[in-house]
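What the coordinates show
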Amino acid sequence: MKAKALVAFVTLALLLVPPSGAQPPAPPGAPEPPPGGFGLPPGANITFYTYTTRTSFVAWLTDQSFTSKSEFTFGDLIFLFVVVPQGCGCSWLWVYEAYPPGTRQPPGHWLVWNLRLSCMPGVYVIGPFAPEPNEPDGIHTWHLWLWCNSTGWLYYTLTFNFIARIGEVTELKVPSSIKTGVVYRGSLTVRNRASYTADFEVKLISQLEVTPSHWEISLPPSSSRTLEFNVKAYSPGTYTVEAQVLRGGRVEDSKSIQVTVVEFKPPGPFAVASVSPTKIMEGEEARIYVNLMNTGGGVAYYVAATVVEAPGLEVVSGYSGLLSIPAGRSSTASFVLKGTEPGTHTVKVRVTYKDEVGKAYTDEVTFTLTVEPAPTEAAPTPAPTPTPTPTPTPTPTQPTPTAPQPTPYVAGRIAEVTVGEYRVGEVGSLLVEFENTGTSTATFEVEVSAPGCVVEPERLTAVVAAGGRGILEFRVKPTSPGERKLVVKLSSGGVMLDTRTVALAAQPGKLPLQLVLAAVAAAAAVVVALLAVKLRKPRPAAPPPPPPPPPGG
């Protein structure tokens, strides 16, 4: 019978009253019951509890401790309490379960049919019933018909919320792209959907290295907990990370995410350096510009250069911070050296830097610098007394014209601004790459500003040779979520050369990890094995004496 026929369930009929003690036909308007005999799942018990003076037909559901409930989960045992009222006479019971609308076909199934209770008014306990794993979530309705020989059909309904899977993986976070050999942080959130404290087993399954990969947790009613773990890959490829939450060895929910792994390429080494100028004068100070090349495959962060050996030279200023240099790019360090001994000398520079995960590196590069002798002045020779001679009339000579020399000028442009991912209250990186398009080495200043963000530092300077490029790194910390306009200005000697405006999206900050600590007092539970039953399977149990019926009985 179709689901719309269940509309007839709400009728209370006094139809076809058979002779006393005779078995009645099926309830009017109800689906066709299974053929033959009576229906009570094997192993279920019918217990007569007590006499009653009630004059109405009522029923209710309880758990195995006989506590009235309106919510059940997989693994619960359900008991049905039925009150046969005064004046009913001999009685028969039918119980049909309707699933939540639209969840299953057929829309329901019979639990009890043609079951004779007694000819005595009282409270009857029937059960237990046990939900199966494939029962749909949602509001289940039990339709109850009681045939009384003296009155005919009596009707009652019970509803309860069924949660098939109370453990739920609400969120799984793993970077979608990672690099080999680098440790990344992931997290997953597990929720208890039940109205009682429950124990869960949580697992991570992946060909990647995930640590830890197993937890046993207890969650209070309707609460969640976030678990953190590390992820590390050793080979490029595409991998899956799956999170499972289990209860009683049964997988209740799972989530998975795909991760792409690429080869990690470290920065450096810095093995190539060129110097300008290549000659200085003995006894004079000169600023030396050293162009350092990152010959590795990754970005070198926090690059610094220090002069560690300079024979024949005095190191006046021997340190230069270069910040970040991408793979295959170069940047210029500058030092002030003074020539103390003539000759060609080898200068050694130590370069320190870090990769994207903070691992530190040290390289050394060398270049030669020639110190030319200082010019000497010869002693003057006394000249003899000249004999006066007639002064000839001088012939005017024209000056020899020289080719005009180009005037050095300073120019530059912003080549690229690289923004990252930013969250409120967290520091993100910003890279500004600029180019010296002038004809001489110059000192450039880069200034960064963004409303709603803290920029540290607000401005940085770098010395770049003609035709060269420099990269400066800034730290940006948003103070509120939303899109921001970030302004980058490039200047030299107080003259504005270029400006760039880029968009910056500030995401809301991460919530701090909430650790849920709960003390759980557990009593021994009744566990009865279920073998070869249908959609609802009973578990044999001798129920303890039930409580009195609800008030009004």
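Just above sits the structure.
Let me begin by describing the structure that accompanies this report. (Residues numbered from 1 in each chain as written. Predicted model: local features only at pLDDT ≥ 70, side-chain atom pairs only at ≥ 80, totals over all residues. Heavy atoms only, no water.)

1. Topic: the pattern of salt bridges
Scanning the entire structure with this criterion turns up 16 salt bridges. With a shortest N-O distance of 3.3 Å, E228 and R185 are connected by a salt bridge. Here R185 lies in strand β12 (residues 184-192) and E228 lies in strand β16 (residues 224-232), a separation of 43 residues in the sequence. A residue is classified by how much of its surface remains accessible, and E228, at 36% relative accessible area, is partly exposed. When the shortest N-O distance is used, the salt bridge between E364 and K348 registers 3.7 Å. Residue E364 is found in strand β27 (residues 360-372), and its partner K348 is found in strand β26 (residues 343-354); the two are separated by 16 residues along the sequence. Residue classification places K348 among the partly exposed positions, given a relative accessible area of 23%. Residues participating in the shared-partner salt-bridge network are E309, K348, R350 and E364. (Salt bridge = Lys/Arg side-chain N within 4 Å of Asp/Glu carboxyl O. Helix = DSSP H or I, 4+ residues; strand = E, 2+ residues; numbered from the N terminus. Buried < 20%, exposed > 50% of the residue type's maximum accessible area, 1.4 Å probe, protein only.)

2. Overview of the pairing of strand β8 (residues 138-148)
Most of β8 is tucked away, with nine of its 11 residues classed as buried. Two elements, β8 and strand β9 (residues 152-163), share 11 bridges in a ladder whose sense is antiparallel. Residue pairing in the sheet places I139 in a bridge with N161 of β9. Remark: three residues form the turn of the hairpin made by β8 and β9, two consecutive strands paired antiparallel. (Pairing = 2+ DSSP bridges.)

3. Structural notes on the sheet that holds β12
Pairing within the open sheet is antiparallel, and its four strands lie in the order β10-β12-β16-β14. Each having just a single partner strand, β10 (167-173) and β14 (209-211) make up the two edges of the open sheet. Across this sheet, the average inter-strand angle for adjacent strands is 30°, counted without regard to direction. Looking at chain direction, β14 and β16 are connected through three bridges and run antiparallel. Bridged to E209 within β16 is K232. (Axes fitted to C-alpha atoms, helices over the stretch in contact; angles between N-to-C directions.)

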